[in-house]
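Listed below are the residues making up each chain.
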Amino acid sequence: MELGILSLPDLQTDPTTGRLHNAARRTREIVSYAIAADQARLDVFGLGEHHSPDFSVANPAVPLAAIAQATTRIRLTSAVSVVSTLDPVRLHQDFASLDHVSDGRAEIIAGRSAFLEAFTLFGIDPAHYDDVFAEKLDLLLTIRDNTNVTWSGRHRPALDDMPVPPRPQQDTLPLWLGVGGTPASAERAARLGLPMVLGLIGGDIRRSRPLTEHYRAVGQAAGHTPDTLRLGVTSHFYVGKTSQGARTDLYPYYREYLRPKTPGGRGWLIDPDQFEAVASPLGALMTGSPQEIIDKILAERELLGIDRFMGQIDFGGMPPGMVNDSIELLATEVAPVIRKETAPCTGAR
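Read on for an overview of the structure. (Residues numbered from 1 in each chain as written. Predicted model: local features only at pLDDT ≥ 70, side-chain atom pairs only at ≥ 80, totals over all residues. Heavy atoms only, no water.)

1. Comments concerning the packing of aromatic side chains
The final tally for this structure, using the stated rule, is 6 aromatic pairs. When the centroid spacing of 5.9 Å and the interplanar angle of 55 degrees are considered together, the rings of F237 and F309 count as tilted. Residue F237 is found in strand β10 (residues 231–239), and its partner F309 is found in strand β12 (residues 308–312); the two are separated by 72 residues along the sequence. There is no split in this pair, since F237 and F309 are both buried. Judged by centre distance (6.1 Å) and plane angle (70 degrees), the ring pair of Y254 and F315 falls under edge-to-face. You can see Y254 sitting in helix α8 (residues 243–258) and its partner F315 sitting in the loop between β12 and α11 (320–342), a full 61 residues away along the chain. Here Y254 matches F315 in class, with each residue buried. The rings of Y251, Y254, Y257, F275 and F315 are connected pair by pair, giving a single aromatic cluster. (Phe/Tyr/Trp six-rings, centres within 6.5 Å; stacked < 30°, edge-to-face > 60°. Helix = DSSP H or I, 4+ residues; strand = E, 2+ residues; numbered from the N terminus. Buried < 20%, exposed > 50% of the residue type's maximum accessible area, 1.4 Å probe, protein only.)

Here's what the structure looks like:
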């Protein structure tokens, strides 16, 4: 089982100190978190893409390339690439180049995005939200699987036996599909035989079991093998030395991250009781002591059959020291137990 971390990366004010993040400092801090994760021997680092002033990274491939030069083993992925608003040719080229820089460690998590800013910025009509995504995902897969590409669609000029260089160092770029929990998204990943990343944001993790079972059933009915239908999950994440200490430390940052930033805007004003509910043993928020985190990841493994867990480790203006402490505990106290408990049985000789 793979364990990793991700950043989206939001620009917010630390609610306890008033420290305001700016894009340059925030991006450099994120690079440092990925380096720390590599040195701690975590498996994967993901970086999000956003196109509003509330976030510091619009093209994950650029900071990931900087991270690649300072790391040796950790896999590097977008989380997610908003395929609907991107040119799949350029997206594949960017990550093929990242694959060269990283010596074969690049991946893409493709998704549709819950935000509309990118659609306005790149002139994509949100009314065609799903059609554009399906078409561009098809082109991305065609590029991934063919050296020369012949393709046509409604939302991008056709390609006629065109090479799309550079080709990645890996035989093909690993491509996961990021989903927010809708059956249609899970079915798309399943029919295409793509590994799926499920974002667990709130509620009880048991509510996701029917979706994951449906994903595997549809995928196997489409002829894909179980080892192809891999499942990852992402959750908001913070591990502390003690259970109550972790909750006390995290709450103001989690509240800041979720609260509506403008009157009537997106967000959720979470109160302490709601926080405790979502942080409960079967709640989606992954916080607590190392043993609590171990128990929750293993519960997700048992209930959902996950192959990869990625924790979103820096949100709501969280200070770097707090983030780095959480990464260290994940790597030194959580990961060894998870790896031991999920290692394949070799059997008696």
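2. Structural notes on the side chain of H21
Mapped onto the elements of the fold, H21 is located in the loop between β1 (2–7) and α1 (23–39). Only 3.1 Å separates the side chain of H21 from the side chain of R19, close enough to count as a polar contact. For H21, the residues in contact, after removing those within four places along its chain, are L11, Q12, R26, E29, G317 and M318. (Polar contact = N/O pair within 3.5 Å; in protein donor to acceptor, adjacent residues only side chain to side chain. Contact = heavy atoms within 4.5 Å.)

3. A closer look at the pairing of strand β9 (residues 196–200)
Summarising burial for β9: 4 of the 5 residues are buried, a large majority. In the sheet, strand β8 (residues 175–179) pairs with β9 via 3 bridges, with the strands oriented parallel. Bridged to G178 within β9 is V197. In this fold, β8 hands off to helix α6 (residues 183–192), which returns the chain to β9; that crossover is right-handed. Both β9 and β10 contribute to a ladder of 5 bridges, which runs parallel. (Pairing = 2+ DSSP bridges. Right-handed = clockwise from strand over helix to strand, strands pointing away.)

4. Concerning the side chain of H51
Take H51: it is sitting in the loop between β2 (44–47) and α2 (61–69). Only 2.8 Å separates the side chain of H51 from the side chain of E49, close enough to count as a polar contact.

5. Digging into α6
Each α-helix winds once per 3.6 residues, and so residues spaced three or four apart point in a common direction. Looking only at α6, the buried set comprises S185, A186, R188, A189 and A190. Residues of α6 that are buried in the fold lie against α5 (129–145), β8, β9 and α7 (209–221).

6. Observations concerning the pattern of salt bridges
Across all of its chains, the model carries 19 salt bridges by this definition. The residue R154 makes a salt bridge to D131 at a minimum N-O spacing of 3.9 Å. Here D131 lies in helix α5 and R154 lies in the loop between β6 (148–151) and β7 (159–163), a separation of 23 residues in the sequence. On the basis of relative accessibility, which here comes to 64%, the residue R154 falls in the exposed class. Residue classification places D131 among the partly exposed positions, given a relative accessible area of 43%. Residue R247 pairs with E292 through a salt bridge whose shortest N-O separation is 3.3 Å. (Salt bridge = Lys/Arg side-chain N within 4 Å of Asp/Glu carboxyl O.)

7. A closer look at the pairing of β8
Along β8, 4 of the 5 residues are buried, which leaves the element largely enclosed by surrounding structure. Of the strand pairs in this sheet, strand β5 (residues 106–111) and β8 are connected by 3 bridges, and their pairing is parallel. Residue A110 lies in a different strand from β8, and its bridge partner there is L177.

8. Here we look at helix α10 (residues 290–304)
For α10, spanning 15 residues, the distance from its first C-alpha to its last is 21 Å, which sits close to the expected 21 Å at 1.5 Å a residue. All of the buried residues along α10 are P290, I293, I294, K296, I297, A299, E300 and L304. Downstream of α10 by one or two residues, G305 has phi in the positive range, about 75 degrees. (Expected span 1.5 Å × (residues − 1).)

9. Quick look at the packing of α10 against α11
Interaxial distance between α10 and α11 falls to 10 Å at its minimum, and their mutual angle equals 40 degrees. Regarding α10 and α11, the two cross each other, and that crossing is right-handed. Across the interface between the two elements, P290, I293, I294, I297, L298 and R301 from α10 touch L329, E333, V334, V337, I338, E341 and T342 from α11. Looking at side-chain class alone, the contact of α10 with α11 contains 9 nonpolar, 1 polar and 3 charged residues. (Axes fitted to C-alpha atoms, helices over the stretch in contact; angles between N-to-C directions. Left-handed = near helix turned anticlockwise from the far one by under 90°. Nonpolar A, V, L, I, M, F, W, Y, C, P; charged D, E, K, R; others polar.)

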